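Chain by chain, the residues run as shown.
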Amino acid sequence: MLTMNDDLEGALKAYLTLLDEEEYFEAHEVLEEAWHPLRLSKHPLANLVKGLINGAVTFEHIKRNRKNVGDKARKVIASYERYKHLCTEHIEHAELFQKACEKIEALKRKHAEIFDVLVP
């Protein structure tokens, strides 16, 4: 039987792979599945996971070139921005979370024309 910890680790690994493949919707889906039990148990990492989910959704909006994509992307990325500080070296799966945050930051830089207010 898988534990919540195993589910989260596996979901983070799949999330990273899917981000690399530009499969942002699927990345959001796989992490959301792991997020639900975290949210229900009020796990301390639930908000960070939710931020990463919204990070993936942001880039799906961009990929699909949604109407008002800039406004939508900036609105959705706000959840990631609000919780990314929770990614520290002292949390469980710190290395995987760090890689996930680095990938979201790299995507923000790639789309700097949308995130000019967020990207240094």
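Reference entry: report on the structure contained in this document. (Residues numbered from 1 in each chain as written. Predicted model: local features only at pLDDT ≥ 70, side-chain atom pairs only at ≥ 80, totals over all residues. Heavy atoms only, no water.)

Moving on, we come to the packing of aromatic side chains. Evaluated as defined, the whole model comprises one aromatic pair. Consider the rings of Tyr24 and Phe59, whose centres lie 6.1 Å apart with planes at 55°: the pair is tilted. Of this pair, Tyr24 sits in helix H2 (residues 24-40) while Phe59 sits in helix H3 (residues 46-63), and the two are 35 residues apart along the sequence. Judged on exposure class, the residue Tyr24 and its partner Phe59 are both buried. Across from the ring centre of Trp35, 4.9 Å away, lies the NZ or CZ of Arg39, which sits over that ring. The side chain of Lys50 reaches across the aromatic face of Trp35, ending 4.6 Å from its centre. (Phe/Tyr/Trp six-rings, centres within 6.5 Å; stacked < 30°, edge-to-face > 60°. Helix = DSSP H or I, 4+ residues; strand = E, 2+ residues; numbered from the N terminus. Buried < 20%, exposed > 50% of the residue type's maximum accessible area, 1.4 Å probe, protein only. Lys NZ or Arg CZ within 6 Å of the ring centre and 35° of its normal.)

To continue, consider H2. Between its first and last C-alpha atoms H2 spans 24 Å; for 17 residues at 1.5 Å apiece the expected length is 24 Å, and the two agree. Of all the bends in H2, the greatest, near 30°, is centred on Ala34, and the proline Pro37 appears no more than four residues after it. Within the span of H2, buried status applies to Tyr24, Ala27, His28, Leu31, Ala34, Trp35 and Leu38. Of the residues trailing H2, Lys42 is marked for its positive phi of about 55°. (Expected span 1.5 Å × (residues − 1). Bend = angle between axes of the 7 residues up to and from the residue.)

On to the side chain of His61, then. As for its placement among the helices and strands, His61 is situated in helix H3. For His61, the residues in contact, after removing those within four places along its chain, are Arg66, Val69, Lys72 and Val76. (Contact = heavy atoms within 4.5 Å.)

A complete count under the given rule lists eleven salt bridges for this structure. Of the charged contacts, one joins Glu81 and Lys108 as a salt bridge, the two residues approaching to 2.5 Å between their closest N and O atoms. Here the residue Glu81 occupies a position in helix H4 (residues 69-83), and Lys108 occupies one in helix H5 (residues 94-110), the gap between them amounting to 27 residues. When salt bridges with common partners are traced through the structure, they connect Glu81, Lys84, Glu105 and Lys108 into a single cluster. (Salt bridge = Lys/Arg side-chain N within 4 Å of Asp/Glu carboxyl O.)

A few words on the environment of Glu113. Within the secondary structure layout, Glu113 lies in the segment after H5. For Glu113 and Lys84, which are 29 residues apart along the polypeptide, the C-alpha to C-alpha distance reads 21 Å.

One way to put it is that H2 packs onto H3 with a least axis distance of 9 Å and a crossing angle of 160°. Taken as axis vectors, H2 and H3 run roughly antiparallel relative to one another. The two elements H2 and H3 meet at a crossing, and its hand is left-handed. For the pair H2 and H3, contact is made by Tyr24, Phe25, Ala27, His28, Leu31, Glu32, Trp35, Leu38 and Arg39 and by Ala46, Val49, Lys50, Leu52, Ile53, Ala56, Val57, Phe59, Glu60 and Lys63, respectively. A per-class count over the contact of H2 with H3 returns 13 nonpolar, one polar and five charged. (Axes fitted to C-alpha atoms, helices over the stretch in contact; angles between N-to-C directions. Parallel < 35°, antiparallel > 145°, perpendicular 65-115°, else oblique. Left-handed = near helix turned anticlockwise from the far one by under 90°. Nonpolar A, V, L, I, M, F, W, Y, C, P; charged D, E, K, R; others polar.)

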